[in-house]
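# Secondary and tertiary structure notes
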Amino acid sequence: MKRFLTFVAMVFITFNSAASIVYTFDDEVMQLRYNSLVKELRCPKCQNQNLADSNSPIAADLRREVYELLKQNKSDGEIVNFMVQRYGEFVLYRPKVSSLTYILWFGPAILLLIGVVIVVFVLKNSANKKQPKQLSAAQKDKLEQILKDK
Amino acid sequence: MNKIIRFIPLVLFIALGAILYRGLSLNPQEIPSALVDKKLPSFQLPQLLKPEVMLTEKDLKGDIVLLNVWGTWCVYCKYEHPYLVDIAKSGRVSLYGLNYKDIRADAKQWLIDYENPYILSIFDEQGRFGIELGVTAAPETFVIDAKGIIRMKHVGPIDTKVWQDKFLPLIETLEKENQGERS
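Calculation criteria
- Residues numbered from 1 in each chain as written.
- Chains lettered and ligands numbered in written order.
- Predicted model: local features only at pLDDT ≥ 70, side-chain atom pairs only at ≥ 80, totals over all residues.
- Axes fitted to C-alpha atoms, helices over the stretch in contact; angles between N-to-C directions.
- Helix = DSSP H or I, 4+ residues; strand = E, 2+ residues; numbered from the N terminus.
- Left-handed = near helix turned anticlockwise from the far one by under 90°.
- Contact = placed C-beta atoms within 7 Å.
- Nonpolar A, V, L, I, M, F, W, Y, C, P; charged D, E, K, R; others polar.
- Buried ≥ 20, exposed ≤ 12 C-beta atoms within 10 Å, placed from the backbone.
- Pairing = 2+ DSSP bridges.
- Domains from an automatic or database assignment.
- Core = buried A, V, L, I, M, F, W, Y, C linked by C-beta atoms within 7 Å.

The relative placement of two packed helices comes down to the angle between their axes together with the axis-to-axis distance. Residue and element names in this part refer to chain A. The interhelical angle for the contact between helix α2 (residues 28-40) and helix α3 (residues 57-71), taken along N-to-C directions, is 145°, at an axis separation of 10 Å. By crossing handedness, the relation of α2 to α3 is classed as right-handed. Of the residues in α3, those in contact with Met30, Arg33, Tyr34, Leu37 and Val38 of α2 are Arg63, Val66, Tyr67 and Leu70. Looking at the contact of α2 with α3, its residues break down into seven nonpolar, no polar and two charged.

Residues and elements named next belong to chain B. Taking burial as the measure, the six residues of strand β7 (residues 150-155) include five buried ones, the bulk of the element. By the bridge criterion, five bridges tie strand β6 (residues 140-144) to β7 in an arrangement that is antiparallel. Of the residues in β7, the one forming a bridge with Ile144 is Ile150. Where β6 hands over to β7, the hairpin turn is made up of five residues, of which Gly148 adopts a positive phi near 85°.

Okay, the domain arrangement of chain A next. Assigned domains of chain A: these are domain 1 (24-91) and domain 2 (102-149). The gap between the C-alpha centroids of domain 1 of chain A and domain 2 of chain A is 55 Å.

A few words on the interface of chain B and chain A. Across the boundary between the two partners, chain B contributes twelve residues, which contact 13 residues of chain A. Residue composition of the side of chain B that touches chain A, grouped by class: six nonpolar, four polar and two charged.

In terms of nonpolar packing, the biggest core is built from 52 residues, with A:Val66, B:Val65, B:Leu67, B:Tyr96 and B:Ile144 touching the most fellow members. Dropping the residues within four chain positions of it, A:Val66 is found in contact with A:Tyr34, A:Leu37, A:Val38 and A:Ile79.

Residue and element names in this part refer to chain B. Strand order in this open sheet of five strands is β5-β4-β3-β6-β7, and the pairing throughout is mixed. Each edge of the sheet is formed by a strand with only one pairing partner; in this case those strands are β5 (121-124) and β7. Strand-to-strand twist of the sheet, defined as the mean angle between neighbouring strand axes without regard to direction, takes the value 20°. Where strand β3 (residues 65-70) meets β6, five bridges bridge the pair, whose relative direction is antiparallel. Residue pairing across strands places Val65 opposite Ile144, the latter belonging to β6. Across the sheet, helix α5 (residues 160-182) touches β6 and β7, and the angle it forms with β7 is around 175°.

Right under this line is the structure:
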(Lines give C-alpha, C1' and ligand atoms only; values in the text may rest on other atoms or scores of the structure.)
Protein backbone atom coordinates (compact mmCIF):
# COMPACT_ATOMS: atom_id res chain seq x y z
CA MET A 1 0.00 0.00 0.00
CA LYS A 2 2.75 2.38 0.93
CA ARG A 3 4.47 1.63 -2.35
CA PHE A 4 1.27 2.28 -4.23
CA LEU A 5 0.77 5.63 -2.52
CA THR A 6 4.33 6.64 -3.34
CA PHE A 7 3.66 5.74 -6.94
CA VAL A 8 0.49 7.83 -7.00
CA ALA A 9 2.33 10.73 -5.41
CA MET A 10 5.09 10.47 -8.00
CA VAL A 11 2.62 10.48 -10.85
CA PHE A 12 0.98 13.61 -9.52
CA ILE A 13 4.27 15.34 -8.94
CA THR A 14 5.36 14.77 -12.54
CA PHE A 15 2.05 16.02 -13.85
CA ASN A 16 2.34 19.11 -11.77
CA SER A 17 5.81 19.87 -13.00
CA ALA A 18 4.54 19.65 -16.57
CA ALA A 19 1.95 22.37 -15.95
CA SER A 20 2.58 25.33 -18.18
CA ILE A 21 2.32 29.08 -18.01
CA VAL A 22 -1.13 30.37 -17.17
CA TYR A 23 -2.04 33.56 -18.96
CA THR A 24 -4.08 36.04 -16.99
CA PHE A 25 -5.72 39.23 -18.17
CA ASP A 26 -6.77 42.32 -16.22
CA ASP A 27 -9.75 42.59 -18.51
CA GLU A 28 -12.37 39.98 -17.66
CA VAL A 29 -13.91 39.95 -21.15
CA MET A 30 -10.49 39.31 -22.67
CA GLN A 31 -9.97 36.44 -20.22
CA LEU A 32 -13.24 34.88 -21.34
CA ARG A 33 -12.33 35.34 -24.99
CA TYR A 34 -8.94 33.74 -24.37
CA ASN A 35 -10.55 30.81 -22.57
CA SER A 36 -13.02 30.18 -25.36
CA LEU A 37 -10.40 30.58 -28.12
CA VAL A 38 -8.00 28.03 -26.62
CA LYS A 39 -10.94 25.65 -26.27
CA GLU A 40 -12.08 26.17 -29.87
CA LEU A 41 -8.65 25.78 -31.44
CA ARG A 42 -7.25 22.34 -31.95
CA CYS A 43 -3.65 21.49 -31.21
CA PRO A 44 -2.05 20.63 -34.56
CA LYS A 45 0.33 18.06 -33.06
CA CYS A 46 -1.65 16.21 -30.41
CA GLN A 47 -4.69 15.88 -32.53
CA ASN A 48 -7.47 15.09 -30.14
CA GLN A 49 -6.80 17.89 -27.73
CA ASN A 50 -7.47 21.59 -27.91
CA LEU A 51 -4.88 24.24 -27.13
CA ALA A 52 -6.13 24.54 -23.56
CA ASP A 53 -5.73 20.84 -22.74
CA SER A 54 -2.49 20.06 -24.46
CA ASN A 55 0.91 20.09 -22.82
CA SER A 56 2.85 19.83 -26.06
CA PRO A 57 5.37 22.58 -26.80
CA ILE A 58 3.54 23.71 -29.92
CA ALA A 59 0.29 24.11 -27.97
CA ALA A 60 2.14 26.24 -25.42
CA ASP A 61 3.56 28.39 -28.22
CA LEU A 62 0.16 28.81 -29.80
CA ARG A 63 -1.39 29.76 -26.45
CA ARG A 64 1.28 32.43 -26.16
CA GLU A 65 0.43 33.57 -29.67
CA VAL A 66 -3.30 33.79 -28.84
CA TYR A 67 -2.43 35.75 -25.70
CA GLU A 68 -0.27 38.21 -27.59
CA LEU A 69 -2.75 38.65 -30.42
CA LEU A 70 -5.46 39.43 -27.86
CA LYS A 71 -3.16 41.96 -26.22
CA GLN A 72 -2.73 43.56 -29.64
CA ASN A 73 -6.53 44.03 -29.69
CA LYS A 74 -7.08 41.59 -32.51
CA SER A 75 -10.64 40.31 -32.94
CA ASP A 76 -11.56 36.65 -32.43
CA GLY A 77 -12.07 36.30 -36.18
CA GLU A 78 -8.60 37.69 -36.90
CA ILE A 79 -7.01 35.31 -34.39
CA VAL A 80 -8.82 32.31 -35.85
CA ASN A 81 -7.77 33.40 -39.36
CA PHE A 82 -4.17 33.74 -38.17
CA MET A 83 -4.22 30.09 -37.11
CA VAL A 84 -6.04 28.86 -40.23
CA GLN A 85 -3.58 30.63 -42.53
CA ARG A 86 -0.70 28.80 -40.89
CA TYR A 87 -2.12 25.46 -39.83
CA GLY A 88 -5.11 25.08 -42.14
CA GLU A 89 -8.77 24.45 -41.42
CA PHE A 90 -7.59 21.50 -39.40
CA VAL A 91 -7.16 23.65 -36.28
CA LEU A 92 -10.84 24.51 -36.13
CA TYR A 93 -13.03 22.24 -34.04
CA ARG A 94 -15.97 23.85 -35.84
CA PRO A 95 -14.85 23.80 -39.47
CA LYS A 96 -16.18 26.41 -41.86
CA VAL A 97 -18.97 25.43 -44.23
CA SER A 98 -17.34 24.77 -47.61
CA SER A 99 -17.63 22.23 -50.40
CA LEU A 100 -15.12 20.07 -48.49
CA THR A 101 -17.16 20.05 -45.29
CA TYR A 102 -20.70 19.78 -46.70
CA ILE A 103 -20.78 16.10 -45.77
CA LEU A 104 -19.79 16.97 -42.19
CA TRP A 105 -22.37 19.69 -41.80
CA PHE A 106 -25.29 18.20 -43.73
CA GLY A 107 -24.50 14.46 -43.60
CA PRO A 108 -26.35 13.83 -40.30
CA ALA A 109 -29.46 15.72 -41.48
CA ILE A 110 -29.46 13.76 -44.74
CA LEU A 111 -29.06 10.48 -42.86
CA LEU A 112 -31.97 11.45 -40.59
CA LEU A 113 -34.07 12.25 -43.64
CA ILE A 114 -33.26 8.88 -45.20
CA GLY A 115 -34.20 7.22 -41.91
CA VAL A 116 -37.55 9.04 -41.80
CA VAL A 117 -38.28 8.04 -45.41
CA ILE A 118 -37.51 4.38 -44.62
CA VAL A 119 -39.70 4.39 -41.49
CA VAL A 120 -42.61 5.96 -43.38
CA PHE A 121 -42.17 3.44 -46.18
CA VAL A 122 -42.08 0.45 -43.82
CA LEU A 123 -45.08 1.65 -41.79
CA LYS A 124 -47.11 2.21 -44.95
CA ASN A 125 -46.26 -1.25 -46.21
CA SER A 126 -47.24 -3.00 -43.00
CA ALA A 127 -50.49 -0.97 -42.83
CA ASN A 128 -51.36 -2.28 -46.27
CA LYS A 129 -50.66 -5.84 -45.20
CA LYS A 130 -52.96 -5.64 -42.18
CA GLN A 131 -56.06 -5.45 -44.34
CA PRO A 132 -57.19 -9.05 -44.94
CA LYS A 133 -56.97 -9.94 -48.55
CA GLN A 134 -59.99 -11.40 -50.29
CA LEU A 135 -59.61 -14.63 -52.19
CA SER A 136 -60.66 -14.63 -55.77
CA ALA A 137 -63.44 -16.98 -56.94
CA ALA A 138 -60.96 -19.36 -58.50
CA GLN A 139 -58.89 -19.46 -55.30
CA LYS A 140 -62.02 -20.17 -53.21
CA ASP A 141 -62.85 -23.07 -55.43
CA LYS A 142 -59.35 -24.40 -55.13
CA LEU A 143 -59.43 -24.05 -51.35
CA GLU A 144 -62.64 -25.95 -51.09
CA GLN A 145 -61.25 -28.62 -53.38
CA ILE A 146 -58.22 -29.06 -51.13
CA LEU A 147 -60.31 -29.25 -47.97
CA LYS A 148 -62.62 -31.80 -49.52
CA ASP A 149 -59.72 -33.99 -50.59
CA LYS A 150 -58.53 -34.27 -47.03
CA MET B 1 -38.84 -3.39 -56.32
CA ASN B 2 -38.94 -5.35 -53.07
CA LYS B 3 -36.00 -7.41 -54.13
CA ILE B 4 -33.90 -4.32 -54.68
CA ILE B 5 -34.84 -2.95 -51.27
CA ARG B 6 -33.67 -6.13 -49.64
CA PHE B 7 -30.16 -5.48 -50.95
CA ILE B 8 -29.94 -1.92 -49.68
CA PRO B 9 -28.56 -2.88 -46.22
CA LEU B 10 -25.88 -5.02 -47.85
CA VAL B 11 -24.89 -2.20 -50.23
CA LEU B 12 -24.78 0.28 -47.33
CA PHE B 13 -22.70 -2.15 -45.29
CA ILE B 14 -20.18 -2.61 -48.10
CA ALA B 15 -19.98 1.16 -48.70
CA LEU B 16 -19.44 1.87 -45.01
CA GLY B 17 -16.89 -0.95 -44.81
CA ALA B 18 -14.97 0.50 -47.75
CA ILE B 19 -14.89 3.98 -46.20
CA LEU B 20 -13.78 2.69 -42.80
CA TYR B 21 -11.20 0.40 -44.37
CA ARG B 22 -9.70 3.37 -46.21
CA GLY B 23 -9.59 5.21 -42.89
CA LEU B 24 -7.38 2.49 -41.44
CA SER B 25 -4.59 3.23 -43.89
CA LEU B 26 -4.74 7.03 -43.62
CA ASN B 27 -2.13 8.72 -41.49
CA PRO B 28 -3.90 11.21 -39.20
CA GLN B 29 -0.58 12.97 -38.63
CA GLU B 30 -0.50 14.00 -42.25
CA ILE B 31 -2.30 17.30 -42.32
CA PRO B 32 -2.40 19.12 -45.63
CA SER B 33 -0.23 22.18 -45.18
CA ALA B 34 -1.95 25.52 -45.50
CA LEU B 35 1.24 26.99 -46.96
CA VAL B 36 1.76 24.90 -50.07
CA ASP B 37 1.74 27.08 -53.21
CA LYS B 38 2.19 30.18 -51.09
CA LYS B 39 5.22 32.39 -50.80
CA LEU B 40 7.72 31.61 -48.05
CA PRO B 41 6.76 33.94 -45.16
CA SER B 42 9.24 36.71 -44.51
CA PHE B 43 11.41 36.57 -41.42
CA GLN B 44 14.31 38.27 -39.76
CA LEU B 45 16.35 35.99 -37.56
CA PRO B 46 19.99 35.50 -36.64
CA GLN B 47 22.20 32.87 -38.16
CA LEU B 48 22.95 29.93 -35.88
CA LEU B 49 26.74 29.97 -36.20
CA LYS B 50 27.08 33.74 -36.55
CA PRO B 51 24.66 35.41 -34.12
CA GLU B 52 25.59 38.85 -35.40
CA VAL B 53 24.38 38.07 -38.94
CA MET B 54 20.67 38.72 -39.47
CA LEU B 55 19.01 36.57 -42.12
CA THR B 56 15.88 37.17 -44.16
CA GLU B 57 13.97 35.08 -46.68
CA LYS B 58 16.22 36.53 -49.40
CA ASP B 59 19.19 34.65 -47.96
CA LEU B 60 17.74 31.28 -48.90
CA LYS B 61 19.20 31.23 -52.37
CA GLY B 62 19.02 28.36 -54.82
CA ASP B 63 17.04 26.93 -57.70
CA ILE B 64 15.57 24.32 -55.41
CA VAL B 65 15.71 25.11 -51.72
CA LEU B 66 15.14 22.57 -48.96
CA LEU B 67 14.42 24.10 -45.59
CA ASN B 68 14.82 21.49 -42.86
CA VAL B 69 13.42 22.19 -39.41
CA TRP B 70 15.61 20.58 -36.79
CA GLY B 71 16.61 20.69 -33.14
CA THR B 72 19.01 18.84 -30.90
CA TRP B 73 16.04 17.82 -28.71
CA CYS B 74 14.47 15.99 -31.60
CA VAL B 75 15.14 12.26 -31.80
CA TYR B 76 14.13 11.80 -35.43
CA CYS B 77 16.44 14.62 -36.50
CA LYS B 78 19.33 12.41 -35.52
CA TYR B 79 17.84 9.57 -37.54
CA GLU B 80 17.49 11.65 -40.69
CA HIS B 81 20.83 13.43 -40.31
CA PRO B 82 22.96 11.01 -42.42
CA TYR B 83 20.37 11.17 -45.20
CA LEU B 84 20.53 14.96 -45.12
CA VAL B 85 24.30 14.81 -45.43
CA ASP B 86 23.92 12.65 -48.54
CA ILE B 87 21.28 14.95 -50.00
CA ALA B 88 23.48 17.99 -49.44
CA LYS B 89 26.43 16.24 -51.09
CA SER B 90 24.35 15.31 -54.15
CA GLY B 91 24.25 19.00 -55.03
CA ARG B 92 20.77 18.81 -56.55
CA VAL B 93 19.23 21.03 -53.91
CA SER B 94 20.34 23.87 -51.63
CA LEU B 95 19.81 22.63 -48.09
CA TYR B 96 19.17 25.19 -45.35
CA GLY B 97 18.39 24.50 -41.70
CA LEU B 98 15.89 26.08 -39.37
CA ASN B 99 17.17 25.41 -35.89
CA TYR B 100 13.85 25.35 -34.05
CA LYS B 101 13.40 26.08 -30.33
CA ASP B 102 16.88 25.01 -29.44
CA ILE B 103 19.78 26.12 -27.30
CA ARG B 104 22.45 27.74 -29.44
CA ALA B 105 25.42 26.05 -27.75
CA ASP B 106 23.81 22.61 -28.07
CA ALA B 107 23.00 23.17 -31.71
CA LYS B 108 26.54 24.33 -32.47
CA GLN B 109 27.94 21.27 -30.71
CA TRP B 110 25.60 19.02 -32.74
CA LEU B 111 26.97 20.42 -35.97
CA ILE B 112 30.52 19.82 -34.75
CA ASP B 113 29.84 16.32 -33.38
CA TYR B 114 28.08 15.14 -36.48
CA GLU B 115 28.44 16.90 -39.77
CA ASN B 116 26.94 20.17 -40.90
CA PRO B 117 24.86 19.44 -44.00
CA TYR B 118 23.37 22.93 -44.15
CA ILE B 119 24.56 25.90 -46.18
CA LEU B 120 23.48 27.84 -43.13
CA SER B 121 20.99 27.48 -40.30
CA ILE B 122 18.46 30.04 -39.16
CA PHE B 123 18.23 30.27 -35.37
CA ASP B 124 14.58 30.41 -34.28
CA GLU B 125 14.81 30.24 -30.51
CA GLN B 126 11.22 31.25 -29.77
CA GLY B 127 9.69 29.21 -32.56
CA ARG B 128 8.06 32.32 -34.03
CA PHE B 129 9.10 31.65 -37.62
CA GLY B 130 8.05 28.05 -37.02
CA ILE B 131 4.52 29.26 -36.30
CA GLU B 132 4.59 31.36 -39.48
CA LEU B 133 5.47 28.16 -41.35
CA GLY B 134 2.84 26.08 -39.59
CA VAL B 135 5.49 23.88 -38.01
CA THR B 136 4.13 21.52 -35.37
CA ALA B 137 7.34 19.74 -34.39
CA ALA B 138 10.70 18.76 -35.82
CA PRO B 139 11.72 17.35 -38.22
CA GLU B 140 9.80 18.96 -41.02
CA THR B 141 11.13 19.81 -44.46
CA PHE B 142 9.90 22.39 -46.94
CA VAL B 143 10.66 22.37 -50.66
CA ILE B 144 10.82 25.89 -52.06
CA ASP B 145 11.16 26.67 -55.77
CA ALA B 146 13.30 29.29 -57.48
CA LYS B 147 10.56 31.91 -57.10
CA GLY B 148 10.34 31.41 -53.34
CA ILE B 149 7.05 29.50 -53.47
CA ILE B 150 6.62 26.58 -51.04
CA ARG B 151 5.87 23.54 -53.17
CA MET B 152 5.75 20.82 -50.53
CA LYS B 153 5.94 20.25 -46.82
CA HIS B 154 7.03 16.95 -45.40
CA VAL B 155 6.32 16.12 -41.77
CA GLY B 156 8.61 13.58 -40.18
CA PRO B 157 12.09 12.33 -40.98
CA ILE B 158 13.56 11.90 -44.45
CA ASP B 159 15.10 8.54 -45.34
CA THR B 160 15.83 6.78 -48.60
CA LYS B 161 12.24 5.67 -49.13
CA VAL B 162 10.68 9.04 -48.34
CA TRP B 163 13.27 10.77 -50.51
CA GLN B 164 12.58 8.53 -53.49
CA ASP B 165 8.81 8.41 -53.18
CA LYS B 166 8.02 11.93 -52.11
CA PHE B 167 10.91 14.25 -52.87
CA LEU B 168 12.53 13.01 -56.07
CA PRO B 169 9.42 13.28 -58.29
CA LEU B 170 8.93 16.89 -57.22
CA ILE B 171 12.62 17.70 -57.59
CA GLU B 172 12.61 16.32 -61.12
CA THR B 173 9.57 18.48 -61.95
CA LEU B 174 11.28 21.54 -60.49
CA GLU B 175 14.48 20.83 -62.42
CA LYS B 176 12.46 20.69 -65.64
CA GLU B 177 10.66 23.92 -64.74
CA ASN B 178 13.97 25.64 -64.09
CA GLN B 179 15.46 24.39 -67.34
CA GLY B 180 12.39 25.55 -69.26
CA GLU B 181 12.78 28.98 -67.81
CA ARG B 182 16.41 29.28 -68.79
CA SER B 183 16.07 28.13 -72.39
